[in-house]
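Descriptive analysis of the structure
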Amino acid sequence: MRINRTFSIPVELVHELRKKHNQSETVTRALRKYLDKDKEIYAYDFDTRTLCIALRAKEDIDDTLKALLLQILTK
């Protein structure tokens, strides 16, 4: 469930936020990150490309998956 709230933020942030496709989700992620400082980092905090790069760098990934990740990254 979601609820609309009104907050005052700097104009510069408003201009940056307008560039984002889903502004509500961007604000939600930022607030979660701020409020959950001591909690684990979640995969949804990263874009897909960053996750692919991180997975490819791991040593316990088999060669087939590494090749697939490389193919995805070079698109």
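Data block above holds the structure.
Residues numbered from 1 in each chain as written. Predicted model: local features only at pLDDT ≥ 70, side-chain atom pairs only at ≥ 80, totals over all residues. Heavy atoms only, no water.

**Notes on the overall build of the protein chain**
Threshold: We count a stretch as a helix when DSSP gives it H or I for four or more residues in a row; a strand needs E for two or more, and each element gets its number in order from the N terminus. For the radius of gyration, the atoms used are the C-alpha atoms, and the globule rule reads 2.2 Å times the number of residues raised to 0.38. To sort residues, take the accessible area from a 1.4 Å probe on protein chains only and compare it with the maximum for the residue type: under 20% means buried, over 50% means exposed, and anything in between is partly exposed. Each accessible area is a Shrake-Rupley estimate made with a 1.4 Å probe; only the visible protein chains count as cover when residues are assessed. Just so you know, the count uses Lys and Arg for positive and Asp and Glu for negative, and it drops His and the chain ends. Where a charge sits is defined by one atom per residue type, namely NZ (Lys), CZ (Arg), CG (Asp) or CD (Glu).
Secondary structure assignment for the protein chain yields 4 helices and 0 strands. Along the chain direction, N to C, the helices and strands of the protein chain fall in the order α-α-α-α. Against the globule reference of 11 Å for 75 residues, the protein chain gives a C-alpha radius of gyration of 17 Å, more extended than a compact globule. Along the first, second and third principal axes, the C-alpha set of the protein chain runs to 50 × 30 × 25 Å. In the protein chain, which comprises 75 residues, the share counted as buried stands at 8%. Accessible surface for the protein chain amounts to roughly 7400 Å². Of this, 55% is attributable to carbon and sulfur atoms. Measuring between centres, the 15 positive side-chain charges of the protein chain sit 7 Å from its 12 negative side-chain charges.

**Considerations on a nonpolar patch on the surface**
The following threshold applies: To count toward a patch, a residue needs a relative accessible area above 30% and no salt bridge. Like charges then connect within 9 Å, nonpolar side chains (Val, Leu, Ile, Met, Phe, Trp, Tyr) within 5 Å. Take a side-chain nitrogen of Lys or Arg and a carboxyl oxygen of Asp or Glu: if they are within 4 Å of each other, that pair is a salt bridge.
On the surface, a nonpolar cluster with roughly 420 Å² of combined accessible area is contributed by Val27, Leu31, Tyr34 and Leu35. We classify Val27 as partly exposed; its relative accessible area is 37%.

**Some thoughts on the pattern of salt bridges**
Evaluated as defined, the whole model comprises 4 salt bridges. Ionic pairing is found between Glu25 and Arg2, a salt bridge with its closest N-O pair at 3.4 Å. Of this pair, Glu25 sits in helix H2 (residues 23–35) while Arg2 sits in the segment before helix H1 (11–18), placing them 23 residues apart in sequence. Overall, the relative accessible area of 61% leaves Arg2 in the exposed class. A salt bridge links Arg29 to Glu25; the shortest N-O distance between them is 3.4 Å. One end of the pair is Arg29 and the other is Glu25, both in helix H2 and 4 residues apart, which spans about a single turn.

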